[in-house]
Amino acid sequence: MIDYDPNNALKVIFSLRGSSLVRVKFHILATFLMACLVVLLHEFHVIGVKDSQGNFICPRPCSYYNYTLGGWDESTCTINDPPAAFGCGIEINSKIYALLGTAMSLLLVFRSNLSYNRFWEARAHMGNVALYCRNFARHCVFFVDGDDRETDALRKDLIRQIQLFFHVVRLHVREMDEPEWVSKDRHVKYLADAEEVEDLMYRQRRPLVVLGFVTKKLNTLLMSKKINQFTYSNMDDCLTQLVSAFNGLDKIVKTPFPFPYAQLIYVLIVLFCYTAPWMLIQMYQWATPFVSIIVTGALFGINAIGLEVEGPFGKDPNDLPVDKMCDAVTADCNMYLSQMIKRGEHDVFGDAGRLRAVQKLDLKAAPSVYDAKSAATAVNATKSSGGSQHEKVEDEWMNDSAKLL
C-alpha cells in the first residue's frame, strides 16, 4: 500500500508508482494512433469533409492528392471510372455516444463501489486475524499456569503455531496452493516443524489445519489443568474468531466479480474509446488525438482501479500490506514472550514471586486493599506449596503485616 501526502497535489499527479494510467498505457497509445489516423484521413479529404452546401467531398479511386493544389486531382479520371469509395462521408451521430456513455458510466460506478467494498472488507478481516492472534498470544504468556519445562514448551509452541497460522493465511489469500509453496516459503519453513510441513503440503485449506494443531495443544493445557475453564473459553473464542475471519477472506478470494458485468464493461469501453475519434474529429479537428487519450485514460483508468482493488492480497503497490501485517504480529508475539520472566525467585507468576511483588508495594498507601487478612490468606496459599524459600518469604510478609497493624 502506498503512503502519500494528499496535500502535495503535484507529487500525487505526477507519481507513476501505483497509477492506474500506467496499467492502461497500451489502450491510451492505441487510441492516440487511431485518432492520428482519423486526423490524416480527414486532412486528405478521405472522410468527413463537407462543401459549402453540406455535401461530403469524397475522392474518387482514380484521383490523387495534389500537394500544389492542396486537394484531390481528378484530371486523370474518365467518365467510366467509379465514383467515390464506399462508406465515404458517413457522419456519426454524437447522440449515440451519449447513450452509450450513460450505460457505461453506470456499470463503471457499480464496479467501483463493489471493488471498494471488497477492499475494505478484506482489510477488516485481515485486521481481525491480527487482533485475535495477538490476543491468543497474550493469553498464552500471561494466563497459562506452570513453570516446568513442559508447560513452557507448550506455551511457546502455541505462540509459534499462531504465528504460523497468519503466514499460512497469507499463502492462502494469494492462492499459493501448490504443495511446494509450503516448503519454499521462508516464514512457514522457519515456524513449522517437519511433521507439520508434511501435513500441510497437500491440504486444501491449510489455515484450518494449523488451527487444528493449536486446538490439540489447547486441550492438553486444559486437561493438565494449566488453564482454567474461563481462560480456555476465552482462548477458544479467539480461535473461533480466527475461523470466522478466515471464512471472510476465503469468500473474497474465491468469489470474483460477476463475469457478465465484466464482459459488458469491456465491450462498451472498447467500442466507445476506439470509435470515439471518428465522432470527435467533427468537433476538435487536429486536437482529436489529445481529446481521445483523455477519454481513454479516464474510462480505462476507472476500470483498472476496480480491477486492482477488488483483489487486494497481492504484491501490487495498491494492495494491502499483508507481509507487513504478518511481520507486526510476529514482532508482537515475540514481545509477549520477552515479558515471560523465568520462573523462580523473581517470577511474577510463581507464589514466591507474587509475594515479593506485593511486598514491594506501599502497603500504607492502600491499607483497605492489602490488609492483614489478605496477607494471611496469601501466606496460607504459600504454605501449601512448601519449601524453604516460601517460608522465608512468609516470615518477611508477616513482619511487614505486623508493622502495618
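Residues numbered from 1 in each chain as written. Predicted model: local features only at pLDDT ≥ 70, side-chain atom pairs only at ≥ 80, totals over all residues. Heavy atoms only, no water.

## Overview of the overall build of the protein
A count of helical and extended segments in the protein gives 16 helices and two strands. When each of the 405 residues of the protein is scored for burial, the buried share is 38%. For the protein, contacts bridging at least 24 residues in sequence account for 69% of all contacts bridging at least 6. Of the accessible surface of the protein, which amounts to about 23,500 Å², a share of 60% is contributed by carbon and sulfur atoms. (Helix = DSSP H or I, 4+ residues; strand = E, 2+ residues; numbered from the N terminus. Buried < 20%, exposed > 50% of the residue type's maximum accessible area, 1.4 Å probe, protein only. Contact = heavy atoms within 4.5 Å. Areas by Shrake-Rupley, 256 points an atom, 1.4 Å probe, with all protein chains shown as cover.)

## Some thoughts on the packing of helix α5 (residues 149–173) against helix α10 (residues 229–254)
Two numbers describe how α5 lies on α10: the axes approach to 10 Å, and their chain directions differ by 15°. Regarding the angle of α5 to α10, the classification is roughly parallel. As for the relative orientation of α5 and α10, their crossing is right-handed in sense. Where α5 abuts α10, its residues I162, F165, V169, H172 and V173 lie against L239, L242, F246, L249, D250, V253 and K254. (Axes fitted to C-alpha atoms, helices over the stretch in contact; angles between N-to-C directions. Parallel < 35°, antiparallel > 145°, perpendicular 65-115°, else oblique. Left-handed = near helix turned anticlockwise from the far one by under 90°.)

## Some remarks on helix α11 (residues 259–284)
Relative to the 38 Å expected for 26 residues at 1.5 Å per residue, α11 spans 36 Å between its end C-alpha atoms, a close match to the ideal helical length. Along α11, the largest kink reaches about 45° and is centred on A276; proline P277 follows within four residues of it. Looking at α11, one finds that the buried residues are A262, I265, L268, I269, F272, C273, Y274, A276, P277, M279, L280 and I281. For α11, the secondary structure elements touched by its buried residues are α3 (25–43), α4 (94–142) and α12 (288–309). One or two steps after α11, the chain reaches Q285, where phi turns positive at roughly 55°. (Expected span 1.5 Å × (residues − 1). Bend = angle between axes of the 7 residues up to and from the residue.)

The quantities given are spatial measurements derived from coordinates; they are silent on function.
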